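# Structure assessment
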Amino acid sequence: MRLLDIRNLNIELITNDSTIKAVESANFSMKMAEVSGLIGESGSGKSLVAKALVGMLNNRWEVTADRLHFMGQDLNRMSESKRRKVISDNISMIYQEPRRCLDPTSNIFSQLEESLPDYEFSGWFGAKKELRLKKCIRLLHKVGIKEHEKVFNSYPHMLSEGICQKIMIAMAIAKEPKLLIADEPTTSLEADTSLKVIKLLKSLNQLKEMGVIFITHNLFSITSWADSINVMYCGQLIESGLTKNIINSPKHPYTKALFDSEPDFNSRDANNKQKLYALKGTIPTLQHLPIGCRLGPRCPNAQRACVKMPEQQKVKGQFFRCHYPLQQKPLNNNWKKA
Amino acid sequence: MLNYFYRKLSLLFFITFGVTVFVFSLNYLFPTDVLSNMSGITNINEIDYDVIAQKYNLNDSVFTQYFGFVGRLLDGDWGVSFINGTSIFNQVFRVLPATIELAIYALLYSFIIAIPLGILASSDKHPWLDKSILALSIIGFSMPIFWLALLLILIFSIGLGWFPTSGRLSLIYNIPSSSGFLFLDILRSNIDYKSEALADAFKHLVLPTFVLAAYPTTVLIRTTRQSMKDVMNTSYVKAAKIKGLTSGQLLRRHGLRNGLLPVIQMLGIHFGTVITLAIVTEVIFAWPGIGSWLVDAIHQRDYPAIQGGLLVISGMVFVATILFDLLYMIFDPLARRHGHGKI
């Protein structure tokens, strides 16, 4: 059984005079307990996919999909309340802006406590409360907050961004979800804690069979432990496949550019004052998308056929959208070791 | 918290200072004789003049006169009325409870009506409900209340005969006045016709309360609607929704607390307007409160009474504003944070 199976996901922003396609026909699937990386520049629609998945977008956005299956259940055919129940029981999310996702007028303990599931604790009222408190303390210790007493009584504006992020992570893993969507969970954390958090997520993934969608633009943090990688550009999933295939033989020039633009400090032949590789140009805004292949104007090996939108192709379990898929191996070989 | 409270108190002190200076200067600005304005005694003959002038420090500097004035205010010696020669202090505090009663009931009523309607209107699920509530509130907002009051009297008092046209209590009930708050007095008195008196007092209260509540209700509906809309769209409410909270829990734990903060602020801001409207309402319904009393005083050129009324009404508005501010601070942890450079 697949954990998640999405076909042809479209996310559109409805404005007064037009609709803007923010994410276009994305296909995405995950096995149970799989770790899947979602990579792309900012503005490429990674977070939108995640938010659409948990139903966090407001009614200015229109989300349509041909197929939206979660653990064998068709989310598309459920009533609103049933879908909300399934999602809240099985999926949790670590948000990108931790402080904005915490209620400014209630203290941390009550917010952490309400993310615990009700059914897990039995016993009479007082004992139940005691158990929930203990569980909350354990959760905070897990994410690396030692002064639980102090943090419990604080309000979000009293805490640093990093601690808020840790609290968000504690909330997300509180109900031991089947799927955790981590939207750049380690951006506001110090390097040491960010490693610890990734370790924690790894262990939850292995011990509790929790699937993880890891959204990031930091390639190093994802290649070492993701089973599969999906690359997004301009609202399209341009390449997806198993991690080792993507690292060893990316088919899409953008994927290759992403890997190449990460400076390689390990190799001996890095020259002094060597120019770092970067793809020319910037990501276009959604109102001014190029005709045909979205990477077209920036692509180093664009040709005439690229004026037409490439269809999705599949070669050896690797999906990509490109008329002229790359054949050679990438220059950086250190990705194999990672 | 204490720091904030202290700052608010000092603000109250300075405002009170300003108002007393203004009220004191009215003694000189009103057309009649200064000493008459201060004491309330008209046509003072020459023999008494020196004695009274001595008492009111009229021969000393203005500053001494001012401090004497403040001292008399604190002692409760607010002079006597031009018209009937009775103590203004006693008169003011005899009519004040009626106004406070009316204002509190009207605010309470508007709170109870407006908050649920505002929340209903903020929901995206029923756009027609939103539109009809908004239309109603705009009608209420733009309707002048003196006209609304007359219309209601015409329909419900004269036409249908359900409610009395004016007054606070029917004359056949004799309730000994102890606190001045009618319901409290009725409950505390030992009379045989308690329930009848209560029912009669309630009947008298219905129309004035409704008229006075019309304005704050419409303001509150619109504020609640907008702020609930904003709050329900924030990331933290959505995040809480994904945690698996039901709609009721969501509203109770996150929606109301954040959504009602601007409402509390709005109530504080509009309290002054409500008191002004209360004066109009009291005149129309012959409600024996400070509003109709003050209007009578103005009609009769009773200058000492005008001074007293001014002092009490402005004091009431300040105290209420500061109370609402404190209430706001108790509910909003963010307001407590800005310790400096904010009043």
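Bear in mind that the values here come from a model prediction, so they are computed numbers and not experimental data.

A separate point is the nonpolar core. One finds Leu4(A), Phe70(A), Leu140(A), Ile167(A), Leu179(A), Ile181(A) and Ile213(A) to be the most contacted residues of the largest nonpolar core, which totals 95 residues. It is helix H6 (residues 161-173) of chain A that contributes the most residues to this core, 8 residues altogether. Setting aside residues no more than four positions away along its own chain, Ile213(A) makes contact with Leu4(A), Phe28(A), Met30(A), Ser36(A), Leu38(A), Leu53(A), Leu179(A), Leu180(A), Ile181(A) and Ala182(A). Listed in part, the 91 residues of the second largest apolar core include Leu73(B), Leu102(B), Leu129(B) and Phe324(B).

What follows deals with the sheet that holds strand S10 (residues 228-233) of chain A. All names here are of chain A. Here we have 8 strands laid out as an open sheet, ordered S7-S8-S9-S3-S10-S11-S13-S12, and mixed in their pairing. In this open sheet, the two edge strands, each paired with only one partner strand, are strand S7 (91-94) and strand S12 (313-315). Across the sheet, the mean angle separating the axes of adjacent strands is 15° when strand polarity is ignored. Pairing geometry for strand S3 (residues 35-40) and strand S9 (residues 211-216), over 5 bridges, is parallel. In the strand pairing of S9, Leu38 is matched with Ile215. Relative to S7, helix H2 (residues 80-90) is tilted by about 60°, and along the sheet it contacts S7 and strand S8 (179-183).

Next up on the list: the environment of Asn153(A). Residues and elements named next belong to chain A. Mapped onto the elements of the fold, Asn153 is located in the loop between helix H5 (148-152) and H6. Judged by its relative accessible area of 52%, Asn153 is exposed. Between the C-alpha atom of Asn153 and that of Ala172, which follows or precedes it by 19 residues, the distance is 20 Å. Separated by 3.4 Å, the side chain of Asn153 and the backbone oxygen of Glu149 make a polar contact.

Residues and elements named next belong to chain B. Between helix H9 (residues 194-232) and helix H12 (residues 261-285), whose axes approach to 9 Å, the crossing angle comes to 160°. By the angle between their axes, H9 is roughly antiparallel relative to H12. In terms of crossing hand, the pair formed by H9 and H12 is right-handed. Contacts between H9 and H12 pair Leu207, Pro208, Val211, Leu212, Tyr215, Pro216, Val219, Leu220, Thr223, Thr224 and Ser227 from the former with Pro262, Val263, Met266, Leu267, His270, Thr273, Val274, Leu277, Ala278, Thr281 and Phe285 from the latter. When grouped by side-chain class, the residues that make up the contact of H9 with H12 number 16 nonpolar, 6 polar and no charged.

Quick look at the interface of chain B and chain A now. Residue-level contacts link 24 residues of chain B with 22 residues of chain A. When the two sides are added together, the surface that chain B and chain A hide from each other amounts to roughly 2,100 Å², 53% of it contributed by carbon and sulfur. The shortest N-O distance in the salt bridge between Lys243(B) and Glu114(A) comes to 3.2 Å. Of all elements in the fold, only helix H10 (235-242), helix H11 (247-259) and helix H15 (333-337) of chain B reach the threshold of two or more residues within the side of chain B that touches chain A. Among the elements that take part in the side of chain B that touches chain A, H10(B) stands out by supplying 7 residues, more than any other.

A word on the pattern of salt bridges. Residues and elements named next belong to chain A. Tallying each qualifying case throughout the model produces 19 salt bridges over all chains. The partner of Arg100 in a salt bridge is Glu97, with the nearest N and O atoms 3.6 Å apart. Measuring nitrogen to oxygen at the nearest pair gives 2.7 Å for the salt bridge that ties Glu113 to Arg132. On the criterion of sequence distance, the pair formed by Glu113 in helix H3 (residues 108-113) and Arg132 in helix H4 (residues 125-142) is long-range, its members being 19 residues apart. Here Glu113 falls in the partly exposed class, since its relative accessible area comes to 22%. Several salt bridges share partner residues, and in doing so they unite Asp5, Arg7 and Arg67 into one network.

Our next topic: the confidence of the model for chain B. Parts of the prediction with low pLDDT should not have their coordinates interpreted in detail. Residue and element names in this part refer to chain B. Residues with a pLDDT of 70 or more make up 97% of chain B, whose mean pLDDT is 83. The secondary structure element of chain B with the lowest average pLDDT is H15, at 71, and the one with the highest is helix H13 (residues 290-299), at 89. Interface scoring of the predicted complex returns ipTM 0.77; its pTM is 0.77.

This paragraph deals with helix H7 (residues 191-207) of chain A. Owing to its 3.6 residues per turn, the α-helix aligns residues three or four sequence positions apart on the same side. All names here are of chain A. The terminal C-alpha atoms of H7 lie 24 Å apart, and with 17 residues this matches the ideal 24 Å at 1.5 Å per residue to within 8%. Among the residues making up H7, those that are buried are Thr193, Ser194, Val197, Ile198, Leu200, Leu201, Leu204 and Asn205. On an axial view of H7, the arc spanned by its buried residues comes to 155°, and they lie on one face. For H7, the exposed residues set more than 90 degrees away from the buried face come down to Ala191, Asp192, Leu195, Lys199, Gln206 and Leu207. Of the residues flanking the end of H7, it is Glu209, one or two places downstream, whose phi is positive at about 55°.

Let us now look at unusual backbone geometry. Note: most peptide bonds trans; most residues except glycine with negative phi. All names here are of chain A. Here the phi dihedral of Ser25 falls at roughly 30°; this positive angle occurs in a residue that is not glycine. Assignment of secondary structure puts Ser25 in strand S2 (residues 19-31). Even without a glycine there, the phi angle at Glu184 is positive, about 45°. Secondary-structure assignment places Glu184 in the loop between S8 and H7. For Glu184, a relative accessible area of 7% corresponds to the buried category.

The next subject is the pairing of S3(A). Residues and elements named next belong to chain A. Counted residue by residue, S3 has 6 buried out of 6 residues, so it is predominantly covered. Judged by which residues are buried, S3 turns out to be covered on both faces: Val35, Gly37 and Ile39 on one side and Ser36, Leu38 and Gly40 on the other are all buried. As paired elements, S3 and S10 share 5 bridges and run parallel to each other. Residue pairing in the sheet places Gly37 in a bridge with Ile229 of S10.

Reading guide: rules and limits
- Residues numbered from 1 in each chain as written.
- Chains lettered and ligands numbered in written order.
- Predicted model: local features only at pLDDT ≥ 70, side-chain atom pairs only at ≥ 80, totals over all residues.
- Heavy atoms only, no water.
- Core = buried A, V, L, I, M, F, W, Y, C linked by side-chain atoms within 4.5 Å.
- Buried < 20%, exposed > 50% of the residue type's maximum accessible area, 1.4 Å probe, protein only.
- Helix = DSSP H or I, 4+ residues; strand = E, 2+ residues; numbered from the N terminus.
- Contact = heavy atoms within 4.5 Å.
- Pairing = 2+ DSSP bridges.
- Axes fitted to C-alpha atoms, helices over the stretch in contact; angles between N-to-C directions.
- Polar contact = N/O pair within 3.5 Å; in protein donor to acceptor, adjacent residues only side chain to side chain.
- Parallel < 35°, antiparallel > 145°, perpendicular 65-115°, else oblique.
- Left-handed = near helix turned anticlockwise from the far one by under 90°.
- Nonpolar A, V, L, I, M, F, W, Y, C, P; charged D, E, K, R; others polar.
- Buried area = accessible area lost by both parts, 1.4 Å probe.
- Salt bridge = Lys/Arg side-chain N within 4 Å of Asp/Glu carboxyl O.
- pLDDT = per-residue confidence, 0-100.
- Expected span 1.5 Å × (residues − 1).
- Arc of directions from axis to C-beta.

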